[in-house]
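Okay, here's what each chain looks like letter by letter:
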Amino acid sequence: MIQTGITGIDEMLGSGIPRGTRVLFSMEPGVDGRLFMISTLNNALSRNHRCLVIIPTSTARVFRSEILTLKKVDIDDYKDKLVVLDSSVRDSLHKKCPVPAERVNEWKSLIRETCEKNLIDIIFVYFDLIYEDLGLEEGFRMLDITIGDRKPTVVLEHLNLEGDDLLTRFSADLAFDLIISLKSSFTPAPYFNFFTLEYTSWSNMPRRSIPYIIINNTISLYIPKIIVTGPPASGKTTFVNQASDRGISGDRKDLKGAATTVAMDLGWLHFKGFDITIYGTPGQPRFDPILPQLASHAMGVVMVIDVTRPEQMARVRTLMELAKVNLIPMVIAANKCDLPHDFSENEIRDSLHLKADVPIHFISALRRSDVRLVVESLVHCITTYPF
Amino acid sequence: MYTYKTGIALIDDVTGGLGPGMNILILAPPLSGADTLGACIARPGTGEYSIIISTEERSIDMANRFSAENLNRNHIGIIDAITKMSSPEASDSVHVKFVASPSDLTGIGIKFSQIVESIFNGEFEVSADVDLFPPPIRFYINSLSTLLMYRKLEVLYQFLHVLGAKLKKMEGFGVYILNNESFDEKTVAVMKQLMNVVIEVKVESDGHYLRIRGLSGVSGDWYKFRIENGEVVIGK
């Protein structure tokens with residue numbers, strides 16, 4: 001296995017990319033996605049893989065400078081494990097072989113010799129100029145290398161100017177074992193980038209898209225909104241507080257002096273490679289009109305229920321409708337399980353008419369570890385949910 | 001609707017300025033001063049910003065020229081596609097980004113988005129008296145001729161088509177220079193498909209001339225022009 005070095009993605013891929021496979025990072029113009037390839041290369045070098053980089057758009061010195069800037073890694077320190085075929089190689093092959101068919105054979109010979117001589121495990125290719133020079137089929141043919149009885153893993157970054165048609169073609173032709181497309185939302189302000197796991201040959205993972213942000217040249221998967229809702233006094237604010245690295249509470253005292261959420265609680269956390277924003281809703285019925293707005297564009301819902309108060313289940317069903325949980329993943333946090341109760345998982349499932357794949361976790365929101373377990377469960381649901 | 005003044009009275013007096021999402025192509029022979037004309041059209045007005053892709057002039061030379069012309073450098077972002085070929089260690093700043101070479105369309109696209117994001121995030125200077133949303137952005141490529149030396153016509157067309165769609169969404173305005181003597185008619189015709197307005201430039205013994213194509217109500221005659229202090233002056 002090799003890893004991308006991007007925590008959430010490697011976990012979604014089942015701890016990484018199998019050896020000998022073909023990987024495509026397809027980038028829409030303007031999307032800041034170079035770190036996907038660079039992070040994978042950096043990770044491979046750090047794990048002592050022997051790598052070949054083919055980068056026809058740049059000199060090796062510029063490439064070194066870029067890696068140094070982005071990852072603080074000097075590829076000159078890996079001279080025994082890394083070979084770079086840069087723009088000067090492309091230029092000399094163009095001079096030597098003006099006819100593309102001959103050039104493909106020259107490229108192929110050069111790549112094979114380099115792989116054999118340097119015992120290369122992984123070939124990283126910046127593909128779009130090769131695609132332009134040689135076309136798709138010939139470009140693939142020059143990379144179809146077998147050394148002894150094994151094929152090196154091939155990782156391509158491609159500037160996709162043809163959009164989804166090209167991705168459909170790649171998927172239909174089974175040209176790759178893993179296709180990750182990188183796109184951006186641009187309406188009209190640059191909003192966020194997102195990647196889509198389009199296809200994997202080694203698992204039945206559903207196609208899914210996750211936004212990502214880049215902080216200090218590191219990719220963090222981004223869940224812009226998780227809703228925490230539930231009946232009054234079920235423990236939502238405590239849940240948000242325990243889940244968050246930092247946050248704002250909307251609790252105010254009511255006429256009897258008890259704290260209740262009047263607008264929303266807001267929390268942020270960085271968790272297992274994901275940056276997540278959590279919105280805690282008010283539980284009082286008088287705030288129901290704002291709940292659909294709060295739930296709008298949410299990627300998942302944590303429904304907090306109080307296991308000591310089964311009579312609140314009708315209210316929970318109302319909240320499930322308001323939050324439109326039939327369209328997005330939901331996890332049940334069965335809170336206050338440290339208090340005496342006799343509400344079982346089956347009773348909760350029957351009462352709320354839940355599908356078998358909706359997780360129910362018995363927790364105490366006072367325990368951070370319990371709360372984090374629920375968040376982890378919801379993140380897993382989000383990354384495997386066929387939106 | 002926001003309108004962009006071109007600084008060319010022939011256009012501005014009739015149209016009041018060009019609308020967002022419009023693209024101007026300057027078709028000009030070599031040594032005709034087209035880059036100076038392009039720079040005039042692309043210079044940011046009050047409250048505006050400019051993003052320049054330079055394949056001809058190093059960003060440091062460009063910045064020095066801006067200072068000499070009293071241009072507000074704090075409202076200009078440059079994507080420099082040539083410096084790294086001689087100075088690989090050149091590093092990015094908020095206002096100046098470098099790509100490996102003019103063939104690096106991936107890098108050009110990324111740096112374009114980074115500068116746009118910086119402008120939207122308020123990392124560029126914001127005019128105290130004019131705060132518009134979306135911030136008006138002029139996008140200037142000097143020149144398409146160099147990009148066509150490095151990439152095939154159909155690839156560059158597709159790239160500009162996607163970038164142009166983003167520019168339109170953010171209500172920007174594009175200015176592009178193409179040397180019409182170095183490329184065949186097909187190439188010029190394909191590039192024109194991406195444009196709304198074409199300004200043709202020619203040099204005669206008595207000076208420089210321009211004519212405007214593609215704008216109804218604007219004369220298509222040749223007019224003599226000169227650049228004075230960064231302003232386009234139309235003469236007889």
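Residues numbered from 1 in each chain as written. Chains lettered and ligands numbered in written order. Predicted model: local features only at pLDDT ≥ 70, side-chain atom pairs only at ≥ 80, totals over all residues.

1. Some details on the overall build of chain B
To be explicit about the condition: To qualify as a helix, a DSSP run of H or I must reach at least 4 residues; to qualify as a strand, a run of E must reach at least 2; elements of each kind are numbered from the N terminus. The globule rule used here is 2.2 Å times the number of residues to the 0.38 power, and the radius of gyration it is set against is calculated over C-alpha atoms. Once C-beta atoms are placed from the backbone, each residue is buried if 20 or more other C-beta atoms lie within 10 Å of its own, exposed if 12 or fewer, and partly exposed for counts between those two. We call two residues in contact when the distance between their C-beta atoms, placed using the backbone, is within 7 Å.
Each helix and strand counted, chain B has eight helices and ten strands in total. The C-alpha radius of gyration of chain B comes to 17 Å, within 12% of the 18 Å expected for a compact globule of 236 residues. Across its three principal directions, the C-alpha atoms of chain B cover 45 × 45 × 35 Å. Scored against the burial criterion, the 236 residues of chain B give a buried share of 44%. Within chain B, contacts between residues separated by at least 24 positions form 65% of all contacts whose residues are at least 6 apart in sequence.

2. A word on the confidence of the model for chain B
Formally: Across the chain, each position has a pLDDT score giving the predictor's confidence in that residue, from 0 to 100.
Put simply, chain B has an average pLDDT of 92, and 100% of its residues get 70 or more. Scored by ipTM, the complex comes to 0.91, with pTM at 0.86.

3. Considerations on the domain arrangement of chain A
All names here are of chain A. The following threshold applies: Domain extents, as shown, originate in an automatic or database domain assignment. For this scheme, ten residues count as nonpolar: Ala, Val, Leu, Ile, Met, Phe, Trp, Tyr, Cys and Pro. Four count as charged, namely Asp, Glu, Lys and Arg, and the remainder, Gly too, count as polar.
Split by domain assignment, chain A resolves into domain 1 (7-216) and domain 2 (223-384). Centre-to-centre separation of domain 1 and domain 2, based on C-alpha positions: 41 Å. Each partner contributes residues to the interface: domain 1 has eight residues there, and domain 2 has seven residues. Those elements that place two or more of their residues in the side of domain 1 that touches domain 2 are α1 (7-12) and β8 (208-215). A per-class count over the side of domain 1 that touches domain 2 returns five nonpolar, two polar and one charged.

4. A word on the packing of helix α2 (residues 34-46) of chain A against helix α3 (residues 60-71) of chain A
Helix-helix packing: each pair is described by the crossing angle between the helix axes and the interaxial distance. Residues and elements named next belong to chain A. Put simply, the rule is: For every element, the axis is a line fit to its C-alpha atoms; helices are fit only across the contacting stretch, and the angle between N-to-C directions ranges from 0 to 180 degrees. Here the angle decides the label: under 35 degrees means roughly parallel, over 145 means roughly antiparallel, 65 to 115 means roughly perpendicular, and every other value means oblique.
Contact geometry for α2 and α3: axes closest at 11 Å, N-to-C directions at 90 degrees. Relative to α3, the element α2 is oriented roughly perpendicular. Between α2 and α3, the residues in contact are Leu 35, Ile 38 and Asn 42 and Ile 67, Leu 70 and Lys 71, respectively. Looking at side-chain class alone, the contact of α2 with α3 contains four nonpolar, one polar and one charged residues.

5. Points about helix α13 (residues 368-384) of chain A
Quick reminder: α-helices carry 3.6 residues per turn. Residues three or four places apart thus point the same way. This is how it is decided: The span you would expect from a helix comes to 1.5 Å times its residue count less one.
The end-to-end C-alpha distance of α13 of chain A is 24 Å, a good match for the 24 Å that 17 residues give at a rise of 1.5 Å each. Taken together, the buried positions of α13 of chain A are Val 371, Val 374, Val 375, Leu 378, Val 379, Ile 382 and Thr 383 of chain A.

6. Quick notes on the pairing of strand β5 (residues 153-159) of chain A
Residues and elements named next belong to chain A. What counts here: Note on pairing: two strands pair once DSSP finds at least 2 bridges between them.
Burial analysis of β5 places seven of its seven residues in the buried class, which makes it a mostly covered element. In β5, alternate side chains face the same way, and those of Thr 153, Val 155, Glu 157 and Leu 159 on one face and Val 154, Leu 156 and His 158 on the other are all buried. Summarising the sheet, strand β1 (residues 22-27) and β5 pair through six bridges and their orientation is parallel. Residue pairing in the sheet places Ser 26 in a bridge with His 158 of β5. Strand direction decides the pairing type here: strand β4 (residues 122-126) and β5, joined by five bridges, are parallel. Bridged to Tyr 126 within β5 is Glu 157.

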